[in-house]
Amino acid sequence: MLLIRCPYCEEERPELEFRNAGEAHIARPTNIAAESEDDFEKFFFIRSNPKGVIYERWRHIHGCARFFNAVRDTVTDKFVMTYKAGEPRPAKLPGASK
Amino acid sequence: MNASFRISGAGRLSQAKTASFSFDGKSYLGIEGDTLASALLANGVHLVGRSFKYHRPRGFLSAGAEEPNALVQIVRDDARKTPNVRATVQELYDGLTANSQNRWPSLAFDVGAVNDIASPMFSAGFYYKTFMWPKSAWLNFYEPKIRATAGLGVSPDRPDPDHYAARYAHCDVLVLGGGAAGIAAALAAAETGVRVILADEQAEFGGSLRFESGARIDGEDGFAWAQAAIAKLKAMDNVRVLSRTTAFGYYAQNFVGLVERVSDHLKSPGRELARERLWQVRAKRVVLATGAIERHMVFANNDRPGVMLASAARTYLNHYGVAVGRNVGVYTANDSAYAAAIDLRKAGVNVAAIVDLRDNPSGAVIDEARSLGIEINFGRAVVSAGGKLRVSSMTVQPKNGGGERRIAVDAILMSAGWTPSVHLFSQSRGKVAFNEEARRFVPGTYAQDCVSVGACNGTDGLEATVDEAYAAGAQAARDAGGKDSSGKMGKGAKPKVDASESWSRGMLGAAPGAGPGTTVKAFVDFQNDVTAKDIRQAVHEGMHSIEHVKRFTTNGMATDQGKTSNMHGLAIAAETLGKPIPQVGLTTFRAPYTPVTFGSIVGHARGALFDPTRRTATHGWAAAQGAVFEDVGQWKRAWYFPKAGEDMHAAVNRECVTVRKAAGLFDASTLGKIEVVGPDAAKFMELLYTNPWEKLEPGRCRYGIMLREDGFIYDDGVVGRLAPDRFHVTTTTGGAPRVMHHMEDYLQTEFPHLNVWLTSITEQWAVIAVQGPSARKIIEPLVEGIDMSDEALPHMSVREGKICGVPTRLFRMSFTGERGFEVNVPADYGEAVWEALWTEGQKHGATAYGTETMHVLRAEKGYIIVGQDTDGTVTPNDAGLDWAVGKKKTDFVGIRGMMRADLVANGRKQLVGLKTKDPKVVLEEGAQIVEDPKQAIPMKMIGHVTSSYWSENCGRSIALALVAGGRDRMGQTLYVPMPNGTIEVEVTGMVFVDEKGERLNG
Ligand SMILES: [Zn+2]
């Protein structure tokens, strides 16, 4: 079982308290009704699914219930870092070589 | 029975404490502290099982967890018949009953042994070849035959009556393995004051000190030192010592699963004791001290009972006081088997000869064997073992060929060298590295915060092991935040090794006589009956990766996971391929290290404790009325309320008719309820639902549809606006948690600028639906402060007031098509208000009704159930709910998805009603619909039935269905092909009762 650090609770908690909520930093278009088919496809269906570092959303659903962002390595399952919802994608990852 | 192989003065067990046991119906005597294996050996019993594929007689290979052969069934009672127990691990208790497995009719005469003679049929890859053709034969012939003859024991046929405990634990340093290395590491870590857990799979700590008679530490015999050290550790508050505890899985972030065998070794474990306890440990640092496992020699008939690992023979002698034979032979490629010969010789056992593959080894241990008068043959090989049910001889030949000599023996002790136990290290995702010089894989690159010490790290010799382990234990404690052992707690000293045994390297792969070109049965993997020839054949047939060789031959795939066989198999494959071992690669080790019971994983989560049960406030009342309940998610819901003599059909018919004629009471408490509150509540509702909300007046309700962003229906429910800034939202019963999650997601991440709070109130409010023409008359006398006239409280409105003196949110709404109300009261008052309403209802001929009647009544009105009539690919338009989408809205979740080309195309499946041509026929939900029943199979399916019931009110069956272009097919005849014939149906509208909706106000 993974340990995940909730950036709101500011502590590591067991994976059971969390729920994954898909890839992060995909903003809903402000005028979504006017989006083209292609743009809507990119927004709603297309995900990067990388082998390696992924930016994704998690929710501390059985804790503070907040959504936050996490950087995880999909190969090792290791969490590189977590940060609050709304914060920008970190420019530099701690200890990352990739 | 006379325990004639017990050597007086040898071993550590007290001869006074005897225990009787039976094996295959025969009674024997053992001693407390024995394993089943040592007790059987003390009685001269070597034959304990038949092999999996060839049914060859098998005995004990080892004295530990790596045992591939001696699998038995332990029987306590009818419900406790544990198969595949390793006799070398099972501790003896008085009255133990064990049976051999995989033999018929008896162990000594097994019909299945014909497989041994027919073995060419069963060579490598036989699973993939022999049973492939004809296809039908697999089901009818091969599989049943294989299952009958190749069983690994028999499962108990009753529920497991034992209980299993579980613990979570956190520690600074977790030490896995309680031999010299693990104990030294634990001592060093514990002395710093950090929290330490030390676990070992054996009943007693000491690891190889159990048999290494030459080890002395701190002036004591090695095993005695280990016991003293464990006593010291147990006395420390910061240390937990777990014996009989196997670390079976090493997971991410130093999360380690351990199983503690709590009571399998006891004669009569009381109910207060769990059978096993699962420990889920999170450790800051892990010290792996898992030791090494001795390898066997690969030669012809090396599986005969009596042929075993040298270290096993030493363990049986030095720990259990049992000689494994009276006239033993030794076959080795390294030094450690000499110690076995010496120990046995000193105990009075004749050692017929030592056969050593090496040409001219030298050393103290060899000199000592020679001085004891033991015959030693260098540069020779044992090319075959004689005997069948028990080894009777060994045939010796110069290793490069030449004259054979047959030596009579009753046991052969073998050692090809030692394989570091890197299983847990490998599970931690560490990468092993091949040490060319020592020809073994050792931990290379670490993936987690752990360290390997001693034999599992390829460290040779007791002194080096203790030094390394002690330093690593101290370092792990420091890394975990402990103080240095020279600090406050530091009063320990590194254990001093006074004497240890000599150590040398061994060999990998097939021994001479079983090499390339030979076809002898020289076993590599005993449990899966894989021979050296099989491995070569796999390579010849094109398996060039060790992962392929493994799967083709099944080498290392049995329950012992190749603890003794992997390295031999790899070496033979590498030799056949002409490649160096590291290029062929080692297979990945996976959890569990040794088999784990389902019980220990499941723990208490079984039966009623498997999943929480949710009951509504009226559950007790409904149960007392004789209601039949159904599970809806975790909820228990009253399904129907049968009166005396009624079956389900009769009860539901009566309930349905009574609701429309008089009234009915229904517990709707399980509906999800969310309060949406705040200055921006209406704006939020506008974004989350398709409907317009800004203009909904406080006190009014609206049926809302929630979409996902892709435009498909996600949930629905009636929403009441209690105040400009307060909405009482209802959701489907099953959808409540995900709707809340969905709302929170948008509120927190997409619309965080909205000032809104969401609160789940599902369990705060009990909901009593009162439906039917008499509904108002039933409620009115109990209500205070609410004008219930049609003018003041029209359909789809909500008022706050009091009922029976307690607060209520009274909704005028209907899921039946009748005049209806849903009385919300705080859940604690739910039962009392229900009973008051019931008393009033009785005056008007009301019935209580359950979920089945609720379903029929709503289907009669064409009201959909999300998740039954929709399946995640249905748009509001498909469901005929276009009217609920705000046409002037510029944004809501799903607005763009709903406009996708495919979602507005013609020919989509649409919800319609179906009437069977024969009104008595009730369609099956899920049944497929076709246009032309005479077309060829596979027919083109144009839709399916989503809801179908007998409607007593309509006097016929009714159904809802999703049908391609359904609304353009009104009046068309379609067909529902079923196994017993095709059913004709007519496409109709979705409303079967009161099409104009007059009864809502009637
Ligand atoms: Zn949190």
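The rules behind the values
Residues numbered from 1 in each chain as written. Chains lettered and ligands numbered in written order. Predicted model: local features only at pLDDT ≥ 70, side-chain atom pairs only at ≥ 80, totals over all residues. Heavy atoms only, no water. Helix = DSSP H or I, 4+ residues; strand = E, 2+ residues; numbered from the N terminus. Contact = heavy atoms within 4.5 Å. Lys, Arg positive; Asp, Glu negative; His and termini not counted. Charge placed at Lys NZ, Arg CZ, Asp CG, Glu CD. Buried < 20%, exposed > 50% of the residue type's maximum accessible area, 1.4 Å probe, protein only. Areas by Shrake-Rupley, 256 points an atom, 1.4 Å probe, with all protein chains shown as cover. Donors = N, O, S within 2.8 Å, 3.2 Å for Na, K, Ca; no water. Tetrahedral: all angles 85-135°; square planar, octahedral: opposite > 155°, others 65-115°. Buried area = accessible area lost by both parts, 1.4 Å probe. Salt bridge = Lys/Arg side-chain N within 4 Å of Asp/Glu carboxyl O. Pairing = 2+ DSSP bridges. Axes fitted to C-alpha atoms, helices over the stretch in contact; angles between N-to-C directions. Phe/Tyr/Trp six-rings, centres within 6.5 Å; stacked < 30°, edge-to-face > 60°. Lys NZ or Arg CZ within 6 Å of the ring centre and 35° of its normal. pLDDT = per-residue confidence, 0-100. Patch = residues over 30% accessible without salt bridge, like charges linked within 9 Å, V, L, I, M, F, W, Y side chains within 5 Å. Core = buried A, V, L, I, M, F, W, Y, C linked by side-chain atoms within 4.5 Å. Left-handed = near helix turned anticlockwise from the far one by under 90°. Nonpolar A, V, L, I, M, F, W, Y, C, P; charged D, E, K, R; others polar.

### Re the overall build of chain B
Across its full length, chain B holds 24 helices and 52 strands. The contacts in chain B between residues at least 6 apart in sequence include a share of 67% that link residues at least 24 apart. In chain B, 112 positive and 111 negative side-chain charges are present, and the distance between their average locations comes to 3 Å.

### Quick notes on the overall build of chain A
Counting its regular elements, chain A contains one helix and six strands. Along chain A, from the amino end to the carboxyl end, the secondary structure elements read β-β-β-α-β-β-β. Projected onto its principal axes, the C-alpha coordinates of chain A cover approximately 40 × 30 × 25 Å. Within chain A, buried positions represent 37% of all 98 residues. The contacts of chain A with a sequence gap of at least 6 include a subset with a gap of at least 24, amounting to 44%. Accessible area of chain A: about 5,700 Å², with a carbon and sulfur share of 49%.

### Concerning the coordination of the zinc ion
For a metal with four tetrahedral donors the ideal donor-metal-donor angle is 109.5 degrees, while six octahedral donors give ideal angles of 90 or 180 degrees. Residue and element names in this part refer to chain A. Protein-derived ligands of the zinc ion are Cys6 (SG), Cys9 (SG), His60 (ND1) and Cys64 (SG), with the metal-ligand distances lying across 2.0 to 2.3 Å. If you look at the zinc ion, its four donor atoms make angles of 106 to 115° with each other, and the shape they trace is tetrahedral. Sequence spacing of the donors to the zinc ion: C-x2-C-x50-H-x3-C. Of the two residues, Cys6 sits in strand S1 (residues 3–6) while Cys64 sits in the loop between strand S4 (53–59) and strand S5 (67–73), which places them 58 residues apart along the sequence. Assessed through its relative accessible area of 0%, Cys6 is described here as buried. When its relative accessible area of 28% is taken as the criterion, Cys64 is described as partly exposed.

### Side note on the interface of chain A and chain B
Taken together, the contact pairs 29 residues of chain A with 28 residues of chain B. Counting each side, the surface lost to burial between chain A and chain B is near 2,300 Å², with a carbon and sulfur contribution of 49%. The largest per-residue losses of area from chain A upon contact with chain B belong to A:Met1, A:Arg28 and A:Phe67, which jointly make up 29% of the total buried on that side. Put simply, chain A and chain B have four salt bridges between them. The shortest N-O distance in the salt bridge between A:Glu37 and B:Arg896 comes to 2.7 Å.

### What to know about the sheet that holds strand S33 (residues 628–632) of chain B
All names here are of chain B. Spatially, the three strands line up as an open sheet ordered S32-S34-S33, and their pairing is mixed. Each edge of the open sheet is held by one strand with a lone partner, namely strand S32 (614–615) and S33. As defined by bridge partners, S32 adjoins strand S34 (residues 635–640) across two bridges and the pair is classed as parallel. Bridging across to S34, Arg615 finds its partner in Lys636. Relative to S34, helix H23 (residues 851–860) is tilted by about 70°, and along the sheet it contacts S33 and S34.

### A look at the packing of aromatic side chains
Inspection of the entire model under this criterion finds 24 aromatic pairs over all chains. Judged by centre distance (6.4 Å) and plane angle (85°), the ring pair of A:Phe40 and A:Phe45 falls under edge-to-face. On the basis of an interplanar angle of 85° and a centroid distance of 6.2 Å, the ring pair of B:Trp693 and B:Phe727 is categorised as edge-to-face. In this pair, B:Trp693 sits in the loop between helix H19 (681–688) and strand S37 (701–707) while B:Phe727 sits in strand S39 (residues 726–731), placing the two residues 34 residues apart along the sequence. Residue B:Trp693 shares its accessibility class with B:Phe727, and that shared class is buried. Over the face of the ring belonging to A:Tyr8 we find A:Arg66, whose NZ or CZ atom lies 4.0 Å from the ring centre. Of note, B:Arg58 hangs over the ring of B:Phe523, and the distance from its end group to the ring centre comes to 4.7 Å.

### Quick word on the confidence of the model for chain B
Mean pLDDT over chain B works out to 94, with 95% of the residues at or above the 70 mark. Here the predicted complex scores 0.88 on pTM and 0.97 on ipTM.

### Brief notes about the side chain of B:Thr531
Relative to the helices and strands, B:Thr531 resides in strand S31 (residues 530–531). Discounting residues that sit within four places of it in the chain, B:Thr531 has contacts with B:Lys521, B:Ala522, B:Phe523 and B:Val524.

### Re a nonpolar patch on the surface
There is a patch of nonpolar side chains on the surface, built from B:Phe598, B:Ile601 and B:Val602 and spanning about 340 Å² of accessible area. By the secondary structure assignment, B:Phe598 is in helix H16 (residues 598–602).

### Remarks on the nonpolar core
With 86 residues, the main nonpolar core has B:Leu36, B:Phe60, B:Met297, B:Tyr316, B:Tyr331 and B:Leu413 as its most contacted residues. Counting 45 residues, the second-largest nonpolar core is a separate cluster that includes B:Val659, B:Leu722, B:Ile895 and B:Met990.

### Topic: the pattern of salt bridges
Residue and element names in this part refer to chain B. Counted according to the given criterion, the structure contains 59 salt bridges over all chains. Measuring nitrogen to oxygen at the nearest pair gives 3.3 Å for the salt bridge that ties Arg195 to Asp172. Here Asp172 lies in strand S8 (residues 164–176) and Arg195 lies in the loop between helix H5 (180–190) and strand S9 (196–199), a separation of 23 residues in the sequence. With relative accessibility at 6%, the residue Asp172 sits in the buried group. The closest approach of N and O atoms between Lys917 and Glu984, which form a salt bridge, is 3.6 Å. Of this pair, Lys917 sits in the loop between strand S47 (909–916) and strand S48 (928–930) while Glu984 sits in strand S52 (residues 981–988), and the two are 67 residues apart along the sequence. Here Glu984 falls in the partly exposed class, since its relative accessible area comes to 38%. Through salt bridges with shared partners, a single network forms among Arg56, Arg58, Asp303 and Asp529.

### A closer look at the side chain of B:Thr732
Residues and elements named next belong to chain B. Position of Thr732 relative to the elements: it lies in the loop between S39 and helix H20 (736–750). We classify Thr732 as buried; its relative accessible area is 14%. Excluding its chain neighbours within four sequence positions, the residues that come into contact with Thr732 are Leu671, Gly672, Asp715, Asp716 and Val866.

### Looking at the environment of B:Gly872
Residue and element names in this part refer to chain B. Relative to the helices and strands, Gly872 is located in the loop between H23 and helix H24 (901–904). The partly exposed category is assigned to Gly872, whose relative accessible area is 22%. In sequence terms Gly872 and Phe821 are 51 residues apart; their C-alpha atoms lie 30 Å from each other. Apart from residues no more than four positions distant in its own chain, Gly872 is found in contact with Arg708 and Phe712.

### Examining the sheet that holds strand S1 (residues 18–23) of chain B
Residues and elements named next belong to chain B. Ordered in space as S2-S1-S7-S5-S6, the five strands form an open sheet in which the pairing is mixed. Single-partner strands in this sheet number two, and they are strand S2 (26–31) and strand S6 (80–86). Ignoring which end each strand starts from, the neighbouring axes of this sheet average 30° apart. Strand direction decides the pairing type here: strand S5 (residues 71–77) and strand S7 (residues 96–100), joined by three bridges, are antiparallel. Within the sheet, the bridge partner assigned to Val72 lies in S7 and is Ser100.

### Describing helix H8 (residues 336–346) of chain B
Residues and elements named next belong to chain B. Burial analysis of H8 places nine of its 11 residues in the buried class, the great majority of the element. Regarding H8, the residues found buried are Ser336, Ala337, Tyr338, Ala339, Ala340, Ala341, Ile342, Asp343 and Leu344. Gly348 sits one or two positions beyond H8 and adopts a positive phi of about 100°.

### Some points on the pairing of S9(B)
Residue and element names in this part refer to chain B. Going residue by residue along S9, you find Val196 and Leu198 tucked away on one face and Ile197 and Ala199 tucked away on the opposite face as well. Pairing between S8 and S9: four bridges, direction parallel. When the bridges of S9 are listed, Leu176 appears paired with Ala199. Bridge analysis of S9 against strand S12 (residues 239–242) gives four bridges, and the strand direction is parallel. Each residue of the ladder has a partner; that of Ala199, found in S12, is Leu242.

### Some points on the packing of H5(B) against helix H11 (residues 462–479) of chain B
Residue and element names in this part refer to chain B. H11 packs onto H5 with a crossing angle of 35° between their chain directions and a minimal axis gap of 7 Å. As for the relative orientation of H5 and H11, their crossing is right-handed in sense. Contacts between H5 and H11 involve Ala180, Ala181, Ala184, Ala185, Leu187, Ala188 and Ala189 on the former and, on the latter, Leu462, Thr465, Val466, Ala469, Tyr470, Gly473, Ala474 and Ala477. Classifying every residue of the contact of H5 with H11 by side-chain character gives 13 nonpolar, two polar and no charged.

### Thoughts on unusual backbone geometry
Residues and elements named next belong to chain B. Put simply, Ala591 and Pro592 share a cis peptide bond, and its omega is 0°. When you line up the elements, Pro592 lands in the loop between helix H15 (581–584) and H16. One non-glycine residue with positive phi stands out, namely Asp218, at about 50°. Of note, Asp218 is situated in the loop between strand S10 (216–217) and strand S11 (220–221). Residue Asp218 is classed as partly exposed on the basis of its relative accessible area, which comes to 41%.

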